Amino acid sequence: MERLADGLSVFSGSVPGVMSEKDKNIIAMISKEYGSSTTIPCADSEYCMPCPHGVMIKAVFALYNKYRNTMDTSVKDHYHKEVFSKPGRGVDR
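Here the structure is a predicted model, which is why all the values come from computation and not from measurement. (Residues numbered from 1 in each chain as written. Predicted model: local features only at pLDDT ≥ 70, side-chain atom pairs only at ≥ 80, totals over all residues. Heavy atoms only, no water.)

Some words on the overall build of the protein
What counts here: By definition, any uninterrupted DSSP run of H or I lasting at least four residues is a helix, any uninterrupted run of E lasting at least two residues is a strand, and each is numbered from the N terminus. Exposure classes here rest on a 1.4 Å probe applied to the protein chains alone. A residue is buried below 20% of its type maximum, exposed above 50%, and partly exposed in between. Any two residues whose heavy atoms approach within 4.5 Å are treated as being in contact. Method for areas: the Shrake-Rupley scheme with a 1.4 Å probe, in which residue coverage is limited to the protein chains shown.
A tally of helices and strands in the protein yields four helices and zero strands. The order of helices and strands in the protein, counted from the N terminus, is α-α-α-α. Taken over 93 residues, the protein has a buried fraction of 8%. Here the analysis covers contacts within the protein between residues at least 6 apart in sequence; of these, 38% occur between residues at least 24 apart. In the form shown here, the protein has an accessible surface area of approximately 7,700 Å², with 60% of it arising from carbon and sulfur atoms.

Structure representation (structure tokens):
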């Protein structure tokens, strides 16, 4: 929670209109790049962990991204065997 509070403190003094046109253009360019990505961008911050439903979010994102980058079907098999099929991780919920 401390990390989240620290991250949010960066924006505590923000007011409407504080961004320049240059800032807005940079954000638009970054947004476009993220939007065209076929992988899930993950900063590895673990803000989402632990998941209250037992989902191993970080592992799921990593395996999904590996599959999207390589299209290696063994990655899907590994996910099903090592993540999804284990008790408490999906099939029994």
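What follows continues from the structure just given.
Regarding helix α3 (residues 57-70)
As a reminder of what qualifies: Expected span of a helix: the number of residues minus one, times 1.5 Å.
In a regular helix each residue adds 1.5 Å, so 14 residues correspond to 20 Å; α3 covers 20 Å between its end C-alpha atoms and thus fits that length. When we look at burial in α3, the residues that qualify are I57, L63, N65 and Y67. Phi turns positive, to about 55 degrees, at M71, one or two residues after α3.

A look at a nonpolar patch on the surface
This is how it is decided: Any residue with relative accessible area above 30% and no salt bridge may belong to a patch, with like charges joined within 9 Å and the nonpolar Val, Leu, Ile, Met, Phe, Trp and Tyr side chains within 5 Å. By convention in these notes, a salt bridge is any Lys or Arg side-chain nitrogen within 4 Å of a carboxyl oxygen on Asp or Glu.
A cluster of nonpolar residues, M1, L4, L8 and Y47, forms a patch on the protein surface that exposes about 490 Å² of accessible area. Examined against the element boundaries, L4 turns out to sit in helix α1 (residues 2-9). A residue is classified by how much of its surface remains accessible, and L4, at 37% relative accessible area, is partly exposed.

Some details on the pattern of salt bridges
Applying the stated criterion to the full structure yields three salt bridges. Two residues, E21 and K24, come together in a salt bridge whose shortest N-O distance is 3.7 Å. With E21 and K24 both in helix α2 (residues 21-36), this residue pair falls three residues apart, about one helical turn. Here E21 falls in the exposed class, since its relative accessible area comes to 54%. Judged by relative accessible area, which is 41%, K24 ranks as partly exposed. Note that E46 is salt-bridged to K58, the shortest N-O span being 2.8 Å. With a gap of 12 residues between them, E46 in the loop between α2 and α3 and K58 in helix α3 connect regions that are remote in the sequence. Residue classification places E46 among the partly exposed positions, given a relative accessible area of 40%. With a relative accessible area of 36%, K58 lands in the partly exposed category. One network of salt bridges, with partners in common, ties together D44, E46 and K58.

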